[in-house]
Amino acid sequence: MKTIARTLMITAAALLVSAPSWAQFAKPEDAVKYRKNALFVMQQNFGRVAAMAAGKAPFDAKVALESATNAEFVGKLPWAAFGEGTDKGDTKAKPEIWTDKAKFNEYAEKMQAEMVKLTVAAKSGNLDSIKVATGAVGGTCKSCHDAFRQ
Ligand code: ASC
């Protein structure tokens, strides 16, 4: 009995060590799809607010707040799907994401911090504040794309 318990423990430990980080997804392609879809939904929501800020769409404070809230939430999701082994397939992700992970994470965090500010601005209902915040968010999208997207 003691031996069985020990064998189980060792097996469990070995699985933990060897499990690839996309293991929370059924397969690496699912991780790629997940992050792309999350980023797409984020962009659609952010884009709606950004269009208002740019005067390309009529300002609707309620829609702006809903969209900003959605973008902030969905913006938390993609990052867990950039695990080791998910650098291949139908993706524009550059290898630098995995070789310069600290920088990538820093950009991802910066974007999320600016998204929080955008929701705050949208809550205020002040279009000038929303303009500043969308500009800041857009800047974080661009700097990450320049460095890490093909
Ligand atoms: C968007 C989008 C981006 C950013 C960027 C801002 O809506 O898809 O990548 O804003 O264009 O410069």
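Everything discussed here concerns the structure shown above.
Right, let's walk through the structure included here.

## So, the layout of surface pockets
Next up, step 1: In this structure, the largest pocket occupies an estimated 660 Å³ of space.
Next up, step 2: As for the largest pocket, its lining consists of 25 residues, of which Arg35, Lys36, Leu39, His145 and Arg149 are closest to the centre.
Next up, step 3: Here the lining of the largest pocket takes 8 residues from helix H2 (residues 28–53), the largest share from any one element.
Next up, step 4: Residue classes in the lining of the largest pocket are distributed as 15 nonpolar, 5 polar and 5 charged.

## Observations regarding the packing of aromatic side chains
Next up, step 1: According to the stated counting rule, one finds 7 aromatic pairs in the structure shown.
Next up, step 2: Ring geometry for Phe82 versus Phe104: centroids 4.9 Å apart, planes at 65°, classification edge-to-face. Taken together, the positions of Phe82 in the loop between helix H3 (61–74) and helix H4 (96–99) and Phe104 in helix H5 (residues 101–124) put the pair 22 residues apart, joining distant regions of the chain. No difference in accessibility class separates Phe82 from Phe104, as the two residues are buried.
Next up, step 3: Of the aromatic side chains, those joined through ring pairs into one cluster are Trp79, Phe82, Trp98, Phe104, Tyr107 and Phe148.
Next up, step 4: One cation-aromatic arrangement involves Arg35 over Phe82; the distance from NZ or CZ to the ring centre is 4.3 Å.

## Quick notes on the nonpolar core
Next up, step 1: The biggest cluster of nonpolar side chains holds 27 residues, and the ones touching the most others in it are Phe82, Ile97, Phe104, Met115 and Leu118.
Next up, step 2: Contributing elements (two or more residues each) for this core: H2, H3, H4, H5 and helix H6 (127–148).

## Remarks on the pattern of salt bridges
Pairing of side chains with opposite charge becomes possible as their charged atoms draw close.
Next up, step 1: For the structure on display, the rule yields 7 salt bridges.
Next up, step 2: The shortest N-O distance in the salt bridge between Asp87 and Lys88 comes to 2.9 Å.
Next up, step 3: With its nearest N and O atoms 2.7 Å apart, the salt bridge here joins Lys142 to Asp146. Residue Lys142 and its partner Asp146 are located together in helix H6, separated by 4 residues, close to a single helical turn.
Next up, step 4: Where salt bridges share partners, they join Lys110, Glu114 and Lys117 into one cluster.

## Focus on the site of the ligand
Next up, step 1: Residues in close proximity to the ligand include Gln43, Phe46, Gly138, Cys141, Lys142 and His145, which together make up its full environment.
Next up, step 2: Residue Gln43 places a side-chain N or O atom 3.0 Å away from an oxygen atom belonging to the ligand.
Next up, step 3: Between an oxygen atom of the ligand and a main-chain N or O atom of Gly138, the distance comes to 3.5 Å.
Next up, step 4: In isolation the ligand exposes 310 Å². Once the protein is present, 59% of that is buried.
Next up, step 5: The site holding the ligand turns out to be the largest pocket.
Next up, step 6: For the shell around the ligand, the secondary-structure elements that each account for two or more residues are H2 and H6.
Next up, step 7: A class-by-class count of the residues in the shell around the ligand yields 2 nonpolar, 3 polar and 1 charged.

Each value, and the rule that gives it
- Residues numbered from 1 in each chain as written.
- Predicted model: local features only at pLDDT ≥ 70, side-chain atom pairs only at ≥ 80, totals over all residues.
- Heavy atoms only, no water.
- 1 Å grid on protein atoms, 1.4 Å probe; cavity = no way out; pocket = protein on both sides within 12 Å on 5 of 7 lines; lining within 4 Å.
- Points joined across faces, edges and corners; volume = space filled by probe spheres on them.
- Helix = DSSP H or I, 4+ residues; strand = E, 2+ residues; numbered from the N terminus.
- Nonpolar A, V, L, I, M, F, W, Y, C, P; charged D, E, K, R; others polar.
- Phe/Tyr/Trp six-rings, centres within 6.5 Å; stacked < 30°, edge-to-face > 60°.
- Buried < 20%, exposed > 50% of the residue type's maximum accessible area, 1.4 Å probe, protein only.
- Lys NZ or Arg CZ within 6 Å of the ring centre and 35° of its normal.
- Core = buried A, V, L, I, M, F, W, Y, C linked by side-chain atoms within 4.5 Å.
- Salt bridge = Lys/Arg side-chain N within 4 Å of Asp/Glu carboxyl O.
- Near = heavy atom within 4 Å.
- Polar contact = N/O pair within 3.5 Å; in protein donor to acceptor, adjacent residues only side chain to side chain.
- Areas by Shrake-Rupley, 256 points an atom, 1.4 Å probe, with all protein chains shown as cover.
- Sits in = over half its atoms within 2 Å of the grid points.

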